[in-house]
Amino acid sequence: SQELEQSPQSLIVQEGKNLTINCTSSKTLYGLYWYKQKYGEGLIFLMMLQKGGEEKSHEKITAKLDEKKQQSSLHITASQPSHAGIYLCGAHPGGSEKLVFGKGTKLTVNP
Amino acid sequence: DTEVTQTPKHLVMGMTNKKSLKCEQHMGHRAMYWYKQKAKKPPELMFVYSYEKLSINESVPSRFSPECPNSSLLNLHLHALQPEDSALYLCASSKRVGGNTGELFFGEGSRLTVL
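Below you will find a few notes about this structure. (Residues numbered from 1 in each chain as written. Chains lettered and ligands numbered in written order. Predicted model: local features only at pLDDT ≥ 70, side-chain atom pairs only at ≥ 80, totals over all residues. Heavy atoms only, no water.)

A word on the nonpolar core. When a protein is soluble and globular, its nonpolar side chains tend to lie buried together. Residues Trp34, Phe64, Leu76 and Leu78 of chain B are the most contacted members of the largest nonpolar core, which totals 23 residues. Looking at this core, the elements with two or more residues in it are strand S2 (10–13), strand S3 (18–25), strand S4 (31–37), strand S5 (44–50), strand S7 (64–70), strand S8 (73–79), strand S9 (87–94) and strand S11 (110–114) of chain B. If we skip the residues at most four places from it in the chain, Leu78 of chain B touches Leu11, Met13, Asn17, Lys18, Lys19, Leu21, Arg63, Phe64 and Leu112 of chain B. Leu19, Ile21, Met47 and Ala63 of chain A belong to the second-largest nonpolar core, a separate cluster that totals 21 residues. (Core = buried A, V, L, I, M, F, W, Y, C linked by side-chain atoms within 4.5 Å. Buried < 20%, exposed > 50% of the residue type's maximum accessible area, 1.4 Å probe, protein only. Helix = DSSP H or I, 4+ residues; strand = E, 2+ residues; numbered from the N terminus. Contact = heavy atoms within 4.5 Å.)

Residue and element names in this part refer to chain B. Read across the sheet, four strands follow the order S1-S3-S8-S7 without closing on themselves; strand pairing throughout is antiparallel. With one partner strand each, in any of the chains shown, strand S1 (4–7) and S7 form the two edges of the open sheet. Each strand of the sheet is rotated relative to its neighbour by a mean of 20°, with strand direction disregarded. Pairing analysis gives seven bridges linking S3 to S8, with the strands arranged antiparallel. Bridge pairing in S8 places Lys18 opposite His79. (Pairing = 2+ DSSP bridges. Axes fitted to C-alpha atoms, helices over the stretch in contact; angles between N-to-C directions.)

We now examine the pattern of salt bridges. Here the structure, examined in full by the defined rule, presents five salt bridges over all chains. Across the salt bridge formed by Lys98 of chain A and Glu58 of chain B, the nearest N and O atoms sit 3.0 Å from each other. With one member in each of two chains, Lys98 of chain A in the loop between strand S9 (85–91) and strand S10 (100–101) and Glu58 of chain B in the loop between strand S6 (53–57) and S7 form a pair that bridges those chains. The salt bridge involving Arg30 of chain B is made with Glu52 of chain B; its shortest N-O contact spans 2.6 Å. A residue pair is termed long-range when its members are at least 10 positions apart, and Arg30 of chain B in the loop between S3 and S4 and Glu52 of chain B in the loop between S5 and S6 qualify at 22 residues. A relative accessible area of 31% means that Glu52 of chain B is categorised as partly exposed. (Salt bridge = Lys/Arg side-chain N within 4 Å of Asp/Glu carboxyl O.)

All names here are of chain A. Overall, antiparallel pairing links the five strands, which are arranged S1-S3-S8-S7-S6 in an open sheet. The open sheet has two edge strands with one neighbour each: strand S1 (4–7) and strand S6 (55–58). In this sheet, adjacent strand axes meet at a mean angle of 15° when their direction is disregarded. Strand direction decides the pairing type here: S1 and strand S3 (residues 19–25), joined by four bridges, are antiparallel. Bridged to Glu5 within S3 is Thr24.

Turning to the interface of chain A and chain B, a few remarks are in order. Facing 21 residues of chain A, the contacting portion of chain B comprises 26 residues. Both faces considered, chain A and chain B share a buried interface measuring about 1,800 Å² in area, 54% of it formed by carbon and sulfur atoms. Where chain A meets chain B, there are one salt bridge. Our enumeration of links across chain A and chain B arrives at seven residue pairs in polar contact (both at pLDDT 80 or more). When contributions to the side of chain A that touches chain B are tallied by element, the ones reaching two or more residues are strand S4 (32–37) and strand S5 (43–49) of chain A. Looking at the side of chain A that touches chain B residue by residue, the classes come out as nine nonpolar, eight polar and four charged. (Buried area = accessible area lost by both parts, 1.4 Å probe. Polar contact = N/O pair within 3.5 Å; in protein donor to acceptor, adjacent residues only side chain to side chain. Nonpolar A, V, L, I, M, F, W, Y, C, P; charged D, E, K, R; others polar.)

Distances and angles like these do not, on their own, reveal function.
Written out as structure tokens, the structure is:
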């Protein structure tokens, strides 16, 4: 089965600092999703990456997909308290309709 | 309308009760999902419905019974649950069916406590 490993597990940064979260897959990636979750709430879609080398940005969040390395990175520039939450990467194992998630990275941004 | 609505938001039930969780979307999506999320864990897929037919059951115990009465509604019937079934239950939908579904839209979840 496909496993997604995220690092770090948790991250505490000062407001205004940049940070990067990584997601590495044990198998070939057929697309990679990034979601954000506030505690006890639903998941908010951030970005979907489908092709190797693809890079997408939304406001101050940028995600890249390295298909050869079977990994993706999520970069936040000039972090704000509103960026705090749990970031989850997701993928379809074997290209199936199932969407499985990594264990998440908990981000705390201190003002 | 880009929402997935789940009711109730909170549910407390005894082990002998029968209850249901409901999920509704009006985006015309043809795939709907149930996920279970325990504290500090990622969501785990339970069921997938494609065109109102059950396409994936991730070996979920029969005390959880899904139902898709029409393309907008998804229910999860609960019976004889155990305390370890206490969790956040998330519903999601996607426009595309099958591999590489594209974005899944998630509801806010129903927090279930089994006493």
